[in-house]
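Results of the structural survey
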Amino acid sequence: MIDINAYGEYKTSWCPGCGNHDVLKALKQALAELDLAPHQVAHVSGIGQAAKAPHYITLNGFNGLHGRGLPPAQAVKLVNPALTVIAESGDGCNYGEGGNHFLAAIRRNVDMTLLAHDNQIYGLTKGQASPTTFEGHVTKSQPDGVTNAPFNPIAVAVAMRANFVARAFSGNVPHLVKMIQAAINHPGFAMVDIFSPCISFNKVNTFGWYKQRCYELGDDYDPTNWDAAMEKAYEFGDRIPMGVIWKTDRKPLNERLPMCAKGALGKQPVDKAVLEGIMQAYI
Amino acid sequence: MSIHSRHIVIGGAAGQGLVTVGQLLCKSMIRAGYEVLVTQDYMSRVRGGHNTYNIRVGVEPLTGPTDACDILVALNQETVELHRNSLSSKGLLVLDEELDALGLPALKVPFATLAPKAIFQNVAALGVLCSALGIAKEIPSKLVHDSFGKKGDAVVQQNMQVLDDAYAWGLANGLECEKLPQPKNLTPRMFLNGNEAIALGALAAGVKFCSFYPMTPATSVAQNLITHGRKMGVIVEQVEDEIAALNMGLGASYAGAPTLVPTSGGGFALMTEAVSLAGVMEQPVVIVLAQRPGPATGLPTRTEQADLNLVLYAGHGEFPRAIFAPGTIEECFLLTHKAFDITEKYQTPAFVLTDQELADRHMGVVPFDLSRLPAVAQPDLGDGAAEQYRRYALTRDGLSPRRIPGYGSSIVLADCHEHTEDGHITEDMGMRVAMNDKRFIKAEGMVDEVVPPKRFGAAHPKRLLVCWGSTEGAAREAADMLNAKGESVGVLSFSQVWPLNPGQFMADLEAAEEVICVEGNKTAQFARLLRQETGFAMHGTVLRYDGRPFTPDYILGKLAG
Ligand SMILES: Cc1ncc(C[n+]2csc(CCOP(=O)(O)OP(=O)(O)O)c2C)c(N)n1
Ligand code: SF4
Ligand SMILES: [Mg+2]
């Protein structure tokens, strides 16, 4: 096990009481227990409160654009399969601005983990509706209440048979640690949608609101049963299930590509003899 | 001196195999020792429409397309109708005996008899044309062997039979067609287009990752990398959109792969936020932009040079960039190779700006001498003093050693905000200024490495034609034609359009009595850029924006009138 201090201790710009603090704590613990040293991990994010995470932990990091965390994350894994790749950012980043990349990432199935902080609001831009904000939720920008139907990331991911789909809550760190570790260990695209309450801008889905509803799925639940998983994906009312909702084992892209078999692409020399042969074929 | 050359135009509907006939014929002519230059004119459709494959053949090196037509190979009636007036006085029409020659001197070929099945028509046409042009039969025979060998002996045999019959028919039906002069160039040459040369240049430079979303006329850059990717260890991923393409490319670059992202104007417009990301993150990447006419979807399969401003200014905020604009197929190779070096050395995006004409222009090109290529800059592969490593360390020349995550124990934090030396978000004014200045100190080094413009035509010209990118060939030939008439015309051709290094060319501009910018857009973008950077106002422009490539005749016409 790695000493947790290896991941550093940083001053954050998050509000005291924001769920993100606990997600950060859980990530460090998960990595330490998995024996992943900082240089073995690439931590990729977009923009938002959640997406600042690479600045608050010592890991290789790529803090990219709003909505665009997933494309570089996948590329990092393909180019250097030895790295453990974790993408982390908010509900707006992953399901709104980057929605197309989310769908594509599920289909592409690169071996990586997505930690999506779901606070059902845009935190960084001070409280507009996000794709997961409930219909009717009143915000400064939606003064008559949100009129769009909410996006259900779990249902979409299950419907598309993503390799691993889990839900967790920053208010239950031991369970969150387990989910992060299971996601990292599962081959292919693995996502954990994490309720991480925004105490400043979401007065509906508060810490207490989640606490009251979230329950852990028991051992009797079979996450390889797709029909059951679809049903759990839509259980989002008085009770909300936490745990591995669905998993399958479609072969990850990085295991399908012969180019990935030799290790880091950047270390492979240019084979001039092969290139000479390629040129000859144009004659 | 005007170049003596002959012009063969193959016309037909998409799907009729005109490209196949054209390619077989061109390869035969190159193998026979001729110089060949092909431009393609096609409509944005997969079947039907009217497309042409324009072959220029000669014994002297060729530089660009022309409008002439000495042999018109009509695969359908529409071709005869559309091109009857462009056929030269000694010209010949080659067509199927079922078609109507509309009274033109014609060679009516019984294709149905020569080719027992429709799929053999290409080879039948090859046989007839080679005999008509006086190319020894051994040459197309060997080509048919080389081209169809993989499909098995039976296929080769059938095609050889068709070729023999067609060639014999051509000889027997004595053609009233001026034979080509004796060829001179017996060096083995590749039959290569601009996009293929770009792909080869990237491979030679060590490209390892390419992410793309298909868009004409850039798609075949990625397609060529797909073809060779397995052998060369390159991952080519077709992605969900162009936004993903460049963001993914930057992730690949961060992880240590030399990366190429090809697109056209519309796709590039979607990438602009990530161009800015590459700038602040100091992430190397080569972006190939093959231009086509806009705005928006414009003329999807035609050519233009109207995206210079887009590439110059794409991306919010300020950061340095390099823009190469190859003028020839060879430069497509060499400058793509150089772009990989510059982007890694200066850790800022490098562009290769081409257009449909150059992307699809085919020529005979001697295989590139890989042993003579300069070395390409590499990231810092060391791991010394890992604890102290800072991705954006402030240095005298603005260059911070770029380490690759996972190669050692150094922690590499790449960031899109303004950042500290170790890559963390900062809002400190002093650090902001220091980092912005650092990025522009790099730009000073880039100016010293600018590829100087090339000079052609008269040595101390009275009239100077200034051009950039693919326009070079037509401008050179126009100057040659004017000089042959006793005028004094030179060409100054830019194959790097940013940054500019005025010391390299101001004397040329000032020495000429008249300086005219020749470029493929409506607003003279390069002429304006040059004025903005140097204060020099050119005296006139020759512009083209009808979607068709520059030809010498077009330039002469505009200069005259
Ligand atoms: C292209 C672009 N558009 C908009 C923004 C402004 N912006 C930054 S973060 C954000 C939304 C953040 O919401 P979310 O992803 O849910 O993250 P949170 O702050 O809630 O963790 C927006 C709209 C931006 N940075 N870039
Ligand atoms: S605004 Fe909300 S999401 Fe952002 S730090 Fe504060 S509590 Fe967290
Ligand atoms: Mg949010």
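For clarity, every value in this text was computed on a predicted model and none was experimentally measured.

**Description of the packing of aromatic side chains**
Residue and element names in this part refer to chain A.
- As enumerated under the stated definition, the model contains 18 aromatic pairs over all chains in all.
- An angle of 80° between the planes, with centres 5.9 Å apart, marks the rings of Phe195 and Phe236 as edge-to-face. With a gap of 41 residues between them, Phe195 in strand 6 (residues 189–195) and Phe236 in the loop between helix 8 (226–233) and strand 8 (240–247) connect regions that are remote in the sequence.
- The class for Phe195 is buried, based on a relative accessible area of 0%.

**Quick look at the domain arrangement of chain B**
All names here are of chain B.
- When cut into domains, chain B gives domain 1 (6–173), domain 2 (191–372), domain 3 (386–447) and domain 4 (454–559).
- Of note, the centres of domain 1 and domain 2, computed from C-alpha atoms alone, are 33 Å apart.
- If you look at the interface, domain 1 gives 17 residues, while domain 2 gives 12 residues.
- Note on domain 1 versus domain 2: buried area summed over both sides is about 1,300 Å², and carbon and sulfur give 54% of it.
- At the boundary of domain 1 with domain 2, the tally comes to 1 salt bridge.
- For Arg302, the salt bridge is made with Asp41, and the minimal N-O distance between the two is 2.1 Å.
- Along the contact surface separating domain 1 from domain 2 lie 3 residue pairs in polar contact (both at pLDDT 80 or more).
- The set of elements that each furnish at least two residues to the side of domain 1 that touches domain 2 consists of helix 1 (18–32) and strand 2 (35–41).
- Per-element tally for the side of domain 1 that touches domain 2: the top contributor is strand 2, with 6 residues.

**Side note on the site of ligand 2**
- Taken together, the residues surrounding ligand 2 are A:Trp14, A:Cys15, A:Cys18, A:Gln49, A:Asn119, A:Cys198, A:Ile199, A:Ser200 and A:Phe201.
- Its residues assigned to classes, the shell around ligand 2 comprises 6 nonpolar, 3 polar and no charged.

**Quick look at the sheet that holds strand 16 (residues 454–457) of chain B**
Residues and elements named next belong to chain B.
- Strand order in this open sheet of 5 strands is 16-18-17-20-21, and the pairing throughout is mixed. For this open sheet the edge positions go to strand 16 and strand 21 (540–543), each flanked by a neighbour on one side alone. Adjacent strand axes in the sheet meet at a mean angle of 25°, parallel and antiparallel pairs treated alike.
- The sheet contact formed by strand 17 (residues 463–468) and strand 18 (residues 489–494) spans 6 bridges and is parallel. Bridge pairing in strand 18 places Leu464 opposite Gly490.
- The sheet contacts of helix 15 (residues 472–484) involve strand 16, strand 17 and strand 18, and relative to strand 18 the element is tilted by about 170°.

About the cut-offs
- Residues numbered from 1 in each chain as written.
- Chains lettered and ligands numbered in written order.
- Predicted model: local features only at pLDDT ≥ 70, side-chain atom pairs only at ≥ 80, totals over all residues.
- Heavy atoms only, no water.
- Phe/Tyr/Trp six-rings, centres within 6.5 Å; stacked < 30°, edge-to-face > 60°.
- Helix = DSSP H or I, 4+ residues; strand = E, 2+ residues; numbered from the N terminus.
- Buried < 20%, exposed > 50% of the residue type's maximum accessible area, 1.4 Å probe, protein only.
- Domains from an automatic or database assignment.
- Contact = heavy atoms within 4.5 Å.
- Buried area = accessible area lost by both parts, 1.4 Å probe.
- Salt bridge = Lys/Arg side-chain N within 4 Å of Asp/Glu carboxyl O.
- Polar contact = N/O pair within 3.5 Å; in protein donor to acceptor, adjacent residues only side chain to side chain.
- Near = heavy atom within 4 Å.
- Nonpolar A, V, L, I, M, F, W, Y, C, P; charged D, E, K, R; others polar.
- Pairing = 2+ DSSP bridges.
- Axes fitted to C-alpha atoms, helices over the stretch in contact; angles between N-to-C directions.

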